[in-house]
Amino acid sequence: DAGVTQTPRHEVAEKGQTIILKCEPVSGHNDLFWYRQTKIQGLELLSYFRSKSLMEDGGAFKDRFKAEMLNSSFSTLKIQPTEPKDSAVYLCASSSRGRPEVFFGKGTRLTVV
Amino acid sequence: GDSVTQTEGLVTLTEGLPVMLNCTYQSTYSPFLFWYVQHLNEAPKLLLKSFTDNKRPEHQGFHATLHKSSSSFHLQKSSAQLSDSALYYCALSDRNYGSSGNKLIFGIGTLLSVKP
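Digging into the packing of aromatic side chains
To describe a pair of aromatic rings, you give the distance between the ring centres and the angle between the ring planes.
Part 1 of the reasoning: Applying the stated criterion across every chain, the model contains 12 aromatic pairs over all chains.
Part 2 of the reasoning: When the ring of F104 of chain A is compared with that of F106 of chain B, the centres are 6.0 Å apart and the planes differ by 65 degrees; the resulting orientation is edge-to-face. In this pair, F104 of chain A sits in strand β10 (residues 99–104) while F106 of chain B sits in strand β11 (residues 105–106), so the two residues belong to two different chains. Exposure class is identical for F104 of chain A and F106 of chain B. Each is buried.
Part 3 of the reasoning: In this structure an aromatic cluster arises from ring pairing among F33, Y35, Y48 and F104 of chain A together with F32, F34, Y36, Y89 and F106 of chain B.

Printed below as a string of structure tokens:
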């Protein structure tokens, strides 16, 4: 089985640019999550989808971050406009109803200069 | 709100010594507790999950015991190996899927560095 796939693995953006990160969850999973990973804050939840419906949209990230789930096998995270403080690793994860294990992708490392 | 606390940001050990990484939590319900491990340039992966029947989960020599009285789920191993060097996250989720699905709330993470 394929795991969670994230592209690109690395992204460099100039301040003010729009970037789109992509995620393909494990086939058949109902839940999809976007997390931001930093050394200071650890793993922070950005968005949570259940069966393609947005269940939670992290309050602190609402203004410039937008996650979408176009179909059950593809999600995007748009950051617009980017700021240097957005430099972090963005992790996508998925899980299925009835099994509490969450599977993560390897992440996209974003650097905003 | 619910939260997970990991008090050590960095733990440095000599190979062969015992490992203990601390994790405490606050929750209004009785959650599942997890330990995830992330090696360099890899995805976080599930290491351990708490059981409902108070069994002690074990994997790759690691174990953790859920103590509801102290709201703790510390990670332990009797003898550290060089390959154990990684970032360890403690996390919790609601047992009631209908409430918040499998959403995980994480601690800040503990970096374990094992030296020869």
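Remarks on the side chain of N102 of chain B
Part 1 of the reasoning: The residue N102 of chain B is located in the loop between α1 (97–100) and β11 in this model.
Part 2 of the reasoning: Taking relative accessible area as the criterion, N102 of chain B reaches 5% and is therefore assigned buried.
Part 3 of the reasoning: Among the polar contacts listed, one links the side chain of N102 of chain B to the backbone oxygen of S96 of chain A, at a separation of 3.1 Å.

Digging into the interface of chain B and chain A
Accessible area lost upon the coming together of the parts is a frequently used measure of interface size.
Part 1 of the reasoning: Facing the 23 residues of chain B at the interface are 26 residues of chain A.
Part 2 of the reasoning: In total, about 1,900 Å² of surface goes out of reach between chain B and chain A, with carbon and sulfur atoms giving 55% of it.
Part 3 of the reasoning: If you look at where chain B meets chain A, you find two salt bridges.
Part 4 of the reasoning: E42 of chain B is paired through a salt bridge with K106 of chain A; the nearest N and O atoms lie 3.9 Å apart.
Part 5 of the reasoning: Here chain B and chain A share nine residue pairs in polar contact (both at pLDDT 80 or more) between them.
Part 6 of the reasoning: Every element with two or more residues in the side of chain B that touches chain A is listed here: β5 (32–38), β6 (45–49), β10 (86–93) and α1 of chain B.
Part 7 of the reasoning: Of the residues that constitute the side of chain B that touches chain A, the class distribution is 12 nonpolar, eight polar and three charged.

Considering the nonpolar core
Part 1 of the reasoning: If you look at the biggest cluster of nonpolar residues, it comprises 24 residues, and the most contacted ones within it are W35, L47, L75 and Y88 of chain B.
Part 2 of the reasoning: Those elements giving two or more residues to this core turn out to be β2 (10–14), β3 (19–21), β5, β6, β8 (62–64), β10 and β12 (110–115) of chain B.
Part 3 of the reasoning: When sequence neighbours within four positions are dropped, the list of residues in contact with L75 of chain B reads V19, M20, L21, W35, L47, L48, F62, H63, A64 and Y88 of chain B.
Part 4 of the reasoning: Counting 21 residues, the second largest nonpolar core, distinct from the first, contains V26, L77, L110 and V112 of chain A.

Considering the sheet that holds strand β1 (residues 5–7) of chain A
All names here are of chain A.
Part 1 of the reasoning: The four strands are arranged β1-β3-β8-β7 in an open sheet whose pairing can be described as antiparallel. Every other strand in the sheet has two partners, leaving β1 and β7 (65–71) as the edge strands with one partner each. With direction set aside, neighbouring strand axes in the sheet form an average angle of 20 degrees.
Part 2 of the reasoning: In this structure, strand β3 (residues 19–24) lies alongside strand β8 (residues 74–79), joined through five bridges in antiparallel fashion. Along β8, the bridge assignment pairs L21 with L77.

Digging into the pairing of β5 of chain B
Residues and elements named next belong to chain B.
Part 1 of the reasoning: Summarising burial for β5: seven of the seven residues are buried, a large majority.
Part 2 of the reasoning: Looking at chain direction, β5 and β10 are connected through seven bridges and run antiparallel. Its bridge partner lying in β10, Q38 is registered against L87.
Part 3 of the reasoning: Pairing of β5 with β6 involves four bridges; the strand directions are antiparallel. Bridged to Y36 within β6 is L46.

Overview of the layout of surface pockets
Regions of empty space are outlined by a rolling probe, equal in size to a water molecule, passed over the atoms.
Part 1 of the reasoning: Approximately 770 Å³ is the volume attributed to the largest pocket.
Part 2 of the reasoning: In terms of lining, the largest pocket is formed by 27 residues, of which the most central are Q37, K39 and R109 of chain A together with Q38 and L87 of chain B.
Part 3 of the reasoning: At four residues, the largest contribution of residues to the lining of the largest pocket is made by strand β11 (residues 108–112) of chain A.
Part 4 of the reasoning: In the lining of the largest pocket, the residues fall into nine nonpolar, 13 polar and five charged.
Part 5 of the reasoning: The volume enclosed by the second largest pocket comes to roughly 210 Å³.
Part 6 of the reasoning: Around the second largest pocket, the lining comprises 13 residues; the ones closest to its centre are F103 and F104 of chain A together with A43, P44 and K45 of chain B.
Part 7 of the reasoning: Of all the secondary-structure elements, those providing two or more residues to the lining of the second largest pocket are β10 of chain A together with β6 of chain B.
Part 8 of the reasoning: Class assignment of the residues belonging to the lining of the second largest pocket gives a composition of seven nonpolar, two polar and four charged.

Conventions used here
- Residues numbered from 1 in each chain as written.
- Chains lettered and ligands numbered in written order.
- Predicted model: local features only at pLDDT ≥ 70, side-chain atom pairs only at ≥ 80, totals over all residues.
- Heavy atoms only, no water.
- Phe/Tyr/Trp six-rings, centres within 6.5 Å; stacked < 30°, edge-to-face > 60°.
- Helix = DSSP H or I, 4+ residues; strand = E, 2+ residues; numbered from the N terminus.
- Buried < 20%, exposed > 50% of the residue type's maximum accessible area, 1.4 Å probe, protein only.
- Polar contact = N/O pair within 3.5 Å; in protein donor to acceptor, adjacent residues only side chain to side chain.
- Contact = heavy atoms within 4.5 Å.
- Buried area = accessible area lost by both parts, 1.4 Å probe.
- Salt bridge = Lys/Arg side-chain N within 4 Å of Asp/Glu carboxyl O.
- Nonpolar A, V, L, I, M, F, W, Y, C, P; charged D, E, K, R; others polar.
- Core = buried A, V, L, I, M, F, W, Y, C linked by side-chain atoms within 4.5 Å.
- Pairing = 2+ DSSP bridges.
- Axes fitted to C-alpha atoms, helices over the stretch in contact; angles between N-to-C directions.
- 1 Å grid on protein atoms, 1.4 Å probe; cavity = no way out; pocket = protein on both sides within 12 Å on 5 of 7 lines; lining within 4 Å.
- Points joined across faces, edges and corners; volume = space filled by probe spheres on them.

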